[in-house]
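# Coordinates in review
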Amino acid sequence: MYYKKRKNAACGAALLFAIAAIGSHLASPDKDRQLALFHPALLGKVAASPYDHALVGIAPSEDSSLGEKAAPLESDLTYEQVDAVTRLAVQRAGGLDSIIQPGDWVVLKPNIVTFYGQPHPDGWIRGQDTDLRVIRSLIQQLIEEGDASRITVAEGGVWRRTEDRRCSEETDGWKVHWPHFGNLSYEDMIAELDAMYAAVHIDLVDLNYDDYTSNVPVPGGGFALDSYSVPNTILNCDRLISVAAMKTHHRTGVSLTHKNYVGIAPAQVYGAGGWSKWGLPHDMIERVVCDLFSYHPADLGLIECFWGTEGYGPQWGNPIKRNMVLASTDPVAVDAVGAYIMGFNPWDIDHLHWSHNKGYGFNDLNNIILNGSEWDAIMHDFEKARHDDKRYNFNLAFYYGRGNRTWLINGKYSGSDLNHDYLGGLESTISPTKGDITSGNVWSEFTGVDDHIDLLQYWNESASNCITYAFTRITSDCARTAYLRFGSDDGIKIWLNGEVVDFNANTGGFWLVENADPASGNYGTPVHFLEGENRLLLKIKNGYGDYGFSLCVCEEDGDTPLWIRYHLNPPTPSSIKGDVNRDYGINIMDALMVINIILQTVEPSSEELWSADCNGPQENCKGDGGVDVLDALKIVNLILELDECP
């Protein structure tokens, strides 16, 4: 064997100490470094460093560390139990004192999309709104350890203040007592706590009526609008904690700490004639979410599921009780974990992509460490909401994941015969890269703004009676069967690894996933992916008018398989010393991989051995001809940025 035998206990203890140091480092992330912004016009760029990680604390009610306050995930809890679970999650995320400075003005932003007793077509559904017991717990924690000078609970709910109220409206979300949340009311709770603690001012702000600043440019650039009217409370507070209920959503997939930001839009500007938010462009609501989030990304994201919502959320659906709290100073990571344990692939959630690309945190599970529970122990498949088609804005009968947005495009060719090989006989073998020329046409990169790849936008002209090719590579972590869901206008032919897997000469008007109907057992076109690289070629014809296509790889429930990725260029082995697990970054998983190599619990490949041997005596990461505990310690130093590799 190339790799060395196991080392002595002293070296092992030193390594464990170093790994523990990483945990301490991760518990206090450098927020300023994460907030380097750029305009996200092209969504393939990542602002966050691959050497960083996020820590997400999680506390389920059944956690043994809760002692006598522990309870099953579906049991009814007392306030004391809710408080204990909330505190444990926050502590596991690094604690409030890691983000709150003496004298800070801290805003807690709950989600109050409806309120108890409010007229509603289906009646009020518990799980739609943030549990008031969690808000009370956070206020008490802030008083005890945060040193804040002012604590504000702020929301722009769906009600009018008393003087503006219609005669049929007898109460509102601030005044009403919530029987499922300890019979608390916001007004009474805030008044009580403010009277109890003279050293800190505790108050409520209705963001619908708050003073606001008009035409504030979106930091880093807007996706839906260039600027918004923003409440001054959001603009001026020192710290913001987004406290969300765990819910599904028919347009954004999930409603967590990001989606909670729709409530900051003042209804006095965006009420559109009523006391709602319909003045916002709801056909682009996921882009709006990311825009609003950009004004003050949450300093702490907290998701509670003492009650949540599954199915056609966020305002309908069905209540679900899971009795857990997630918290993180990385608000993108906490939403990614929340989505994952709900049964979603975080990669499918657009607003998490965009916030990640703006530098607000990590949406890739490879960059997230879970503190407090094993992944599998807390997962529960929420019933997904049927999706609204993002282009034509109608309800589909099922959920679908994120389609591929970036393709190599070649064409256009005069004619509309899908059986004719316009690539000169290369359709079944073609494997192009950007800039290659086939049949006199260049393979050019094109990124669509959403799942619909608009070829008229690409050509910047009309395109009648023509053929266009689109190509991508799909990498898979293992050999697997999955489904292609696609739509096209006007006809399509698809090859996977040189084999024709679908052909429809007359697809008609485009809609996003026209080849699937899960309700009748049609999950899309079943295909087999090889481990590693797979070549996917699309051939799309057009008669006249609209011209475009979409495609996503799905499991039966609509998610993209967890480790499926789209790439334009052929995958190449990582050339980074220390990147043992070949994910193009250096992280704690690489150190653990080295330990496994040392203990002979894995049979490493030659590439893994090359990457693991990084502690050479000459230049940084040159290697000394063997793999031992010093290599793991070297990787620890790389993670902590104490060393650099060439």
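Look up: the structure comes first, before these words.
Residue positions are given per chain, counted from 1 along the sequence in the order it is written. Confidence filtering applies because this is a predicted model: local features only for residues at pLDDT of at least 70, side-chain atom pairs given and counted only at 80 or more, and all residues used for totals across whole chains, interfaces and linings. Only hydrogens and water are removed before side-chain values are computed, so all heavy atoms of the structure are retained for them.

## Describing the overall build of the protein chain
A run of H or I in DSSP counts as a helix once it spans at least four residues, and a run of E counts as a strand once it spans at least two, with each numbered from the N terminus. Each helix and strand in the protein chain was counted, giving 15 helices and 25 strands. Exposed residues in this analysis have more than 50% of their type's maximum accessible area, buried residues have under 20%, and partly exposed residues fall in between, with area computed by a 1.4 Å probe over protein chains only. The burial tally for the protein chain puts 59% of its 646 residues in the buried class. Per-residue and other accessible areas follow the Shrake-Rupley method at a 1.4 Å probe size, with only the shown protein chains counted as cover for residues. Looking at the protein chain as shown, the accessible area adds up to about 24700 Å², and 49% of this sits on carbon and sulfur atoms.

## Points about unusual backbone geometry
With omega at -10 degrees, the peptide bond leading from Gly-411 into Lys-412 counts as cis. For Lys-412, the position within the fold is in strand 13 (residues 406-414). With an omega of 25 degrees, the peptide bond between Asp-489 and Asp-490 qualifies as cis. The backbone of Asn-183 sits at a positive phi, close to 60 degrees, despite the residue not being glycine. Residue class for Asn-183 comes out partly exposed when judged on its relative accessible area of 45%. Residues other than glycine seldom take positive phi values, yet Asn-323 does so here, at roughly 50 degrees. Within the secondary structure layout, Asn-323 lies in the loop between strand 10 (318-320) and strand 11 (324-328). The class of Asn-323 is buried, set by a relative accessible area of 0%.

## What to know about the packing of aromatic side chains
Any two aromatic rings considered together are summarised by their centre-to-centre distance and by the angle between their planes. Stacked, tilted and edge-to-face are the three classes applied to pairs of Phe, Tyr and Trp rings, where Trp contributes its six-membered ring and a pair requires centres within 6.5 Å; stacked means planes under 30 degrees apart, edge-to-face means over 60, and tilted covers the rest. In the structure shown here, the tally under the stated rule is 15 aromatic pairs. Between the aromatic rings of Trp-347 and Tyr-566, the centroid separation amounts to 5.8 Å while the plane-to-plane angle is 35 degrees, which identifies the pairing as tilted. Taken as a pair, Trp-347 in the loop between helix 9 (331-341) and helix 10 (350-357) and Tyr-566 in strand 25 (residues 564-567) lie far apart in primary sequence, 219 residues in all. Like Trp-347, the residue Tyr-566 is buried in the burial classification. Three or more aromatic residues joined by ring pairs make a cluster, and in this case those are Tyr-261, Phe-293 and Tyr-360.

## What to know about the sheet that holds strand 19 (residues 480-489)
The 4 strands are arranged 17-24-19-22 in an open sheet whose pairing can be described as antiparallel. Because the sheet does not close on itself, it has two edges, and the strands there are strand 17 (453-454) and strand 22 (525-529). Note on pairing: two strands pair once DSSP finds at least 2 bridges between them.

## Some points on the pairing of strand 18 (residues 466-476)
Counting buried residues along strand 18, 11 of its 11 residues qualify, which places the element largely inside the surrounding structure. Here strand 18 runs beside strand 23 (residues 532-542); their pairing, made up of 11 bridges, is antiparallel. Looking across to strand 23, one finds that Ser-476 is bridged to Gly-532. As judged from the 4 bridges shared by strand 18 and strand 25, these two strands associate in the antiparallel manner. Directly across from Ile-474, in strand 25, lies its bridge partner Tyr-566.

## Description of the side chain of Thr-257
Its location among the elements puts Thr-257 in the loop between strand 8 (253-255) and helix 7 (267-270). Residue Thr-257 is classed as buried on the basis of its relative accessible area of 0%. Here a polar contact means two N or O atoms within 3.5 Å. Within protein one must be a hydrogen donor candidate and the other an acceptor candidate, and residues neighboring in sequence count only if both atoms are side-chain atoms. Of the polar contacts made by the side chain of Thr-257, one reaches the side chain of Asp-335; its length is 2.8 Å. Any two residues whose heavy atoms approach within 4.5 Å are treated as being in contact. Other than its neighbours up to four places away in sequence, Thr-257 contacts Ser-242, Ala-244, Gly-301, Leu-302, Ile-303, Pro-331, Val-334 and Asp-335.

## Focus on the environment of Tyr-270
With respect to the helices, strands and loops of the structure, Tyr-270 is situated in helix 7. Here the alpha-carbon distance between Tyr-270 and Leu-280, two residues 10 residues apart in the chain, equals 6.0 Å. Discounting chain neighbours no more than four positions away, the residues touching Tyr-270 are Tyr-228, Ser-229, Ala-265, Ser-276, Lys-277, Trp-278, Gly-279 and Leu-280. A distance of 2.9 Å separates a polar atom in the side chain of Tyr-270 from the backbone nitrogen of Ser-229.

## Let's talk about the nonpolar core
Core analysis: the biggest nonpolar cluster contains 57 residues, and Tyr-228, Met-246, Leu-292, Leu-326, Ile-341 and Ile-368 have the highest contact counts within it. A total of 8 residues in this core trace back to one element, the largest contributor, which is helix 9. When near neighbours in sequence (up to four residues on either side) are disregarded, Ile-341 contacts Ile-58, Met-246, Met-324, Leu-326, Ile-378, Met-379 and His-380. In this structure, Val-85, Trp-159, Tyr-186 and Val-243 belong to the second largest nonpolar core, which totals 47 residues. Think of a nonpolar core as a cluster: buried Ala, Val, Leu, Ile, Met, Phe, Trp, Tyr and Cys residues, connected wherever their side-chain atoms sit within 4.5 Å.

## Some thoughts on the packing of helix 4 (residues 132-146) against helix 5 (residues 186-196)
Viewed as axis vectors pointing N to C, helix 4 and helix 5 meet at an angle of 15 degrees, and their least axial separation amounts to 11 Å. Classed by the angle they form, the pair helix 4 and helix 5 counts as roughly parallel. Taken as a pair, helix 4 and helix 5 cross one another with a handedness that is right-handed. Judged by residue contacts, Leu-132, Ile-135, Arg-136, Ile-139 and Gln-140 of helix 4 engage Tyr-186, Met-189, Ile-190, Glu-192 and Leu-193 from helix 5. Looking at the contact of helix 4 with helix 5 residue by residue, the classes come out as 7 nonpolar, 1 polar and 2 charged. Axis definition: a line fitted to C-alpha atoms, limited for helices to the stretch in contact. Angles are taken between N-to-C directions and run from 0 to 180 degrees. Angle categories: roughly parallel below 35 degrees, roughly antiparallel above 145, roughly perpendicular from 65 to 115, and oblique for all the rest. A crossing counts as left-handed when the near helix is turned anticlockwise from the far one by less than a right angle, and as right-handed when that turn is clockwise. Charged residues are taken to be Asp, Glu, Lys and Arg, nonpolar residues to be Ala, Val, Leu, Ile, Met, Phe, Trp, Tyr, Cys and Pro, and polar residues to be all remaining types, Gly included.

## A few points about the environment of Tyr-413
Within the secondary structure layout, Tyr-413 lies in strand 13. Note on Tyr-413: relative accessible area 10%, which makes it buried. On a C-alpha basis, the gap between Tyr-413 and Asn-465 in space is 8.7 Å, while along the polypeptide they are 52 residues apart. In this structure, Tyr-413 is in contact with Tyr-422, Leu-423, Thr-438, Ser-439, Asn-441, Asn-465, Cys-466, Ile-467 and Tyr-469, ignoring residues within four places of it in sequence. Within polar-contact distance, the side chain of Tyr-413 engages the side chain of Asn-410 at 2.5 Å.

## Focus: helix 5
For helix 5, every residue scored as buried is listed here: Tyr-186, Met-189, Ile-190 and Leu-193. The buried residues of helix 5 all sit within an arc of 95 degrees when viewed along its axis, so they share a single face. As for helix 5, its buried residues are in contact with strand 2 (105-110), helix 4, strand 3 (150-155) and strand 4 (201-206). The reported arc concerns the directions from the helix axis to the C-beta atoms and nothing else.

## Considerations on the packing of helix 8 (residues 285-293) against helix 10
Contact pair helix 8 / helix 10: the axes reach a minimum separation of 9 Å and the direction vectors enclose 35 degrees. Like other packed secondary-structure pairs, helix 8 and helix 10 cross with a definite hand, here right-handed. Of the residues in helix 10, those in contact with Glu-286, Arg-287, Val-289, Cys-290 and Phe-293 of helix 8 are Asp-350, His-351, Trp-354 and Ser-355. When the residues that make up the contact of helix 8 with helix 10 are grouped by side-chain class, the tally is 4 nonpolar, 2 polar and 3 charged.

## Remarks on the side chain of Asn-441
The topology assignment puts Asn-441 in strand 15 (residues 441-442). Engagement of the side chain of Asn-441 in a polar contact is seen with the side chain of Tyr-413, the distance being 3.2 Å. The residues touching Asn-441, leaving out its near neighbours within four places in the chain, are Asn-410, Gly-411, Tyr-413 and Asp-436.

## Observations regarding the pattern of salt bridges
When a carboxyl oxygen of Asp or Glu is within 4 Å of a side-chain nitrogen of Lys or Arg, the pair counts as a salt bridge. For the coordinates displayed, the defined rule picks out 22 salt bridges. Among the ionic pairs, Arg-405 bridges to Asp-350, the shortest N-O distance being 2.9 Å. With Arg-405 in the loop between helix 11 (375-378) and strand 13 and Asp-350 in helix 10, the pair connects residues that are 55 residues apart, well separated along the chain. We note that Arg-405, like Asp-350, is buried. Ionic pairing is found between Arg-405 and Asp-451, a salt bridge with its closest N-O pair at 2.8 Å. Of the two residues, Arg-405 is situated in the loop between helix 11 and strand 13 and Asp-451 in the loop between strand 16 (444-447) and strand 17; the sequence distance between them amounts to 46 residues. Accessibility expressed as a relative area gives 5% for Arg-405, which makes it buried.

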